[in-house]
Amino acid sequence: MRVVVALGGNALLRRGERADASVQLHHVEAAARALAPLAADHELVVCHGNGPQIGLLALESSADPALTRPYPLDTLGAETQGMIGYWLARSLRNAGVRKPVLAVLTQTVVDAADPAFASPTKFIGPVYEREHAERLAERNGWTMAADGPHWLRVVPSPEPVRLVEQESIEHLVGSGTVVVCAGGGGAPVVDDGKLEGVEAVVDKDLTAAELAIALKADRLLLLTDVSAVMSDFGLPSAEPLDHLDLGEIDQLQFLAGSMGPKVEACRRFVLATGSEAAIGALPDAARVLEGSAGTAVR
C-alpha cells in the first residue's frame, strides 16, 4: 500500500518539556522506530508538524537585537523542515529502514485572498500564563488565544492549494524512496507569476490530505499524542471512538486548533478517494494502520 503519515508537532515535543535538541531527538527516534515497520512493508510518505518548533524560532528571532526585524514565518517554517527532516531521515535509517530515505524541502501554494489571513487560528510555540501572553502580544504585536487553561500565539493558517514539489515527491515514492516532506504543512507561498513567501503556517494535516489525494494513497494516518478521537471531549462522559463515518462528522464538534483539522483532513481524503483514514497515537502506528487502534474514518 501507499501510506501517507502525518506526525503531530506535539508528538515530537510535548507540552511542558524543554525544547532542547536532545529532548526532541529522543521523540523523533521513537517515532522512527514506530514507522520503520510501515516503511518495510509499504510505500511511505512522512509529513510532520512544527507548531512548537516554529514558535520557538519565532520567539528567538523576535528577541534578537542583531536583527532589524524578525525572520518571516515562511522562512522559519523552512528552517524547521530542515531540522526535523534531518532528524527523521537519520533516525529512520538508524531504526533499520533499508530503502532510500530523503527529506524534501517543500513549498505549499496558498491563496493570497484566503480569509484565514484575517482570522489567525493556528497555535504555535510554547504555552504561557495569561499575563505573560498579554505582555508578549503587546510587545511583539502577536495574536494570542486560549487553549484550555493555557495561552499560545496564533497565526494565520490558509488552505493548502498545491505543493510546488508534488511531481518530484511522486517520482521519488514511485521509485521506492521513503520521503519526508511537507513539514509544518510546507513553507507557505503565493504564486502570482513568481513564488513569494507569506506570513502563515499551513496546517500539516490538511496538506498531508491534499498530498495523499494527489499521490493516490491507499491510507492516510494522522499520528499524534492522543490514542483516538474522543466523543464529548473535555467532559466526564468522554470516550474514545473506534470509528467515524462521514455522516457522523457533521453532527460532532471538534476544536479548530487541534482535533478539528485532523478530522477535516480525514474527511477530505475519504471523500476524494473512498479509502480509509485514521487518527491515533504515534507509538501505535502499525496497529492504527491495520485498524486495531485509533479512530478509523470511513
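Whatever comes next refers back to the structure up there.
Definitions and cut-offs
Residues numbered from 1 in each chain as written. Predicted model: local features only at pLDDT ≥ 70, side-chain atom pairs only at ≥ 80, totals over all residues. Heavy atoms only, no water. Helix = DSSP H or I, 4+ residues; strand = E, 2+ residues; numbered from the N terminus. Buried < 20%, exposed > 50% of the residue type's maximum accessible area, 1.4 Å probe, protein only. Contact = heavy atoms within 4.5 Å. Areas by Shrake-Rupley, 256 points an atom, 1.4 Å probe, with all protein chains shown as cover. Lys, Arg positive; Asp, Glu negative; His and termini not counted. Charge placed at Lys NZ, Arg CZ, Asp CG, Glu CD. Core = buried A, V, L, I, M, F, W, Y, C linked by side-chain atoms within 4.5 Å. Axes fitted to C-alpha atoms, helices over the stretch in contact; angles between N-to-C directions. Parallel < 35°, antiparallel > 145°, perpendicular 65-115°, else oblique. Nonpolar A, V, L, I, M, F, W, Y, C, P; charged D, E, K, R; others polar. Pairing = 2+ DSSP bridges. Salt bridge = Lys/Arg side-chain N within 4 Å of Asp/Glu carboxyl O.

Chemist: Explain the overall build of the chain residue by residue, including any values.
Modeler: Counting its secondary structure elements, the chain contains 10 helices and 17 strands. A principal-axis box enclosing the C-alpha atoms of the chain has dimensions of 50 × 45 × 40 Å. Burial analysis of the chain (298 residues in total) assigns 50% to the buried set. Taking all contacts inside the chain whose residues are at least 6 apart in sequence as the whole, residues at least 24 apart take part in 73%. Total accessible area on the chain stands at roughly 13800 Å², and carbon and sulfur atoms take up 50% of it. Between the mean site of the 25 positive side-chain charges and the mean site of the 39 negative ones, the chain shows a separation of 5 Å.

Chemist: I'd like a rundown of the nonpolar core, residues and numbers included.
Modeler: Counting 34 residues, the largest nonpolar core has Val4, Cys47, Ile169, Cys181, Leu211 and Leu220 as the members making the most contacts within it. Among the elements of the structure, strand 1 (2-7), strand 2 (43-48), helix 6 (166-174), helix 7 (204-214), strand 12 (219-224), helix 9 (259-273) and strand 16 (277-281) are those that each provide at least two residues to this core. Ranked by residue count, the leading element in this core is helix 9, at 6 residues. Among all residues touching Leu220, those that are not within four sequence positions of it are Val4, Ala208, Ala209, Ala212, Ala265, Cys266, Phe269, Glu276, Ala277 and Ala278. Grouped together as the second largest cluster of nonpolar side chains are 33 residues, Leu12, Ala89, Ala285 and Leu289 included.

Chemist: Let's hear about the packing of helix 7 against helix 9: which residues, and what values?
Modeler: The angle between the axes and the distance between the axes are what describe a pair of packed helices. Relative orientation of the contacting elements helix 7 and helix 9 amounts to 10°, with a least axis distance of 8 Å. As judged from the angle between their axes, helix 7 and helix 9 are roughly parallel. Residue-level contacts link Lys204, Asp205, Leu206, Ala209, Glu210, Ala212 and Ile213 of helix 7 to Pro261, Lys262, Glu264, Ala265, Arg268, Phe269, Ala272 and Thr273 of helix 9. Here the contact of helix 7 with helix 9 is composed, by residue class, of 8 nonpolar, 1 polar and 6 charged.

Chemist: For the sheet that holds strand 4 (residues 107-109), give the residues involved together with the corresponding values.
Modeler: By definition, the strands of a sheet pair up through backbone hydrogen bonds, in either a parallel or an antiparallel sense. Taken together, the 4 strands give an open sheet; going across it, the order is 8-4-10-11, and neighbouring strands pair in mixed fashion. Unpaired on one side and paired on the other, strand 8 (162-163) and strand 11 (195-197) mark the two borders of the sheet.

Chemist: Help me get a handle on the pattern of salt bridges, residues and values and all.
Modeler: If you walk through the whole model with that rule in mind, you get 12 salt bridges. We note a salt bridge from Arg268 to Glu264, for which the minimum N-O separation is 2.8 Å. In this pair, Arg268 and Glu264 are both assigned in helix 9, 4 residues apart and thus about one turn of the helix distant. The exposure class assigned to Arg268 is buried, which follows from its relative accessible area of 19%.

Chemist: Describe the pairing of strand 6 (residues 143-147), and please don't skip the residues or the numbers.
Modeler: Strand direction decides the pairing type here: strand 6 and strand 7 (residues 150-155), joined by 5 bridges, are antiparallel. Its bridge partner lying in strand 7, Ala146 is registered against Trp151. Between the antiparallel neighbours strand 6 and strand 7 lie 2 residues, among them Gly148 with a positive phi of about 65°.

Chemist: So, unusual backbone geometry: which residues are in play, and what are the values?
Modeler: Positioned with a positive phi, Ala182 is a non-glycine residue whose angle comes to about 55°. Looking at the element boundaries, Ala182 is found in the loop between strand 9 (178-180) and strand 10 (187-191). According to the relative accessible area criterion, Ala182 is buried, its value standing at 0%. The phi dihedral of Lys216 falls on the positive side, at around 55°, and the residue is not glycine. Its place among the elements puts Lys216 in the loop between helix 7 and strand 12.

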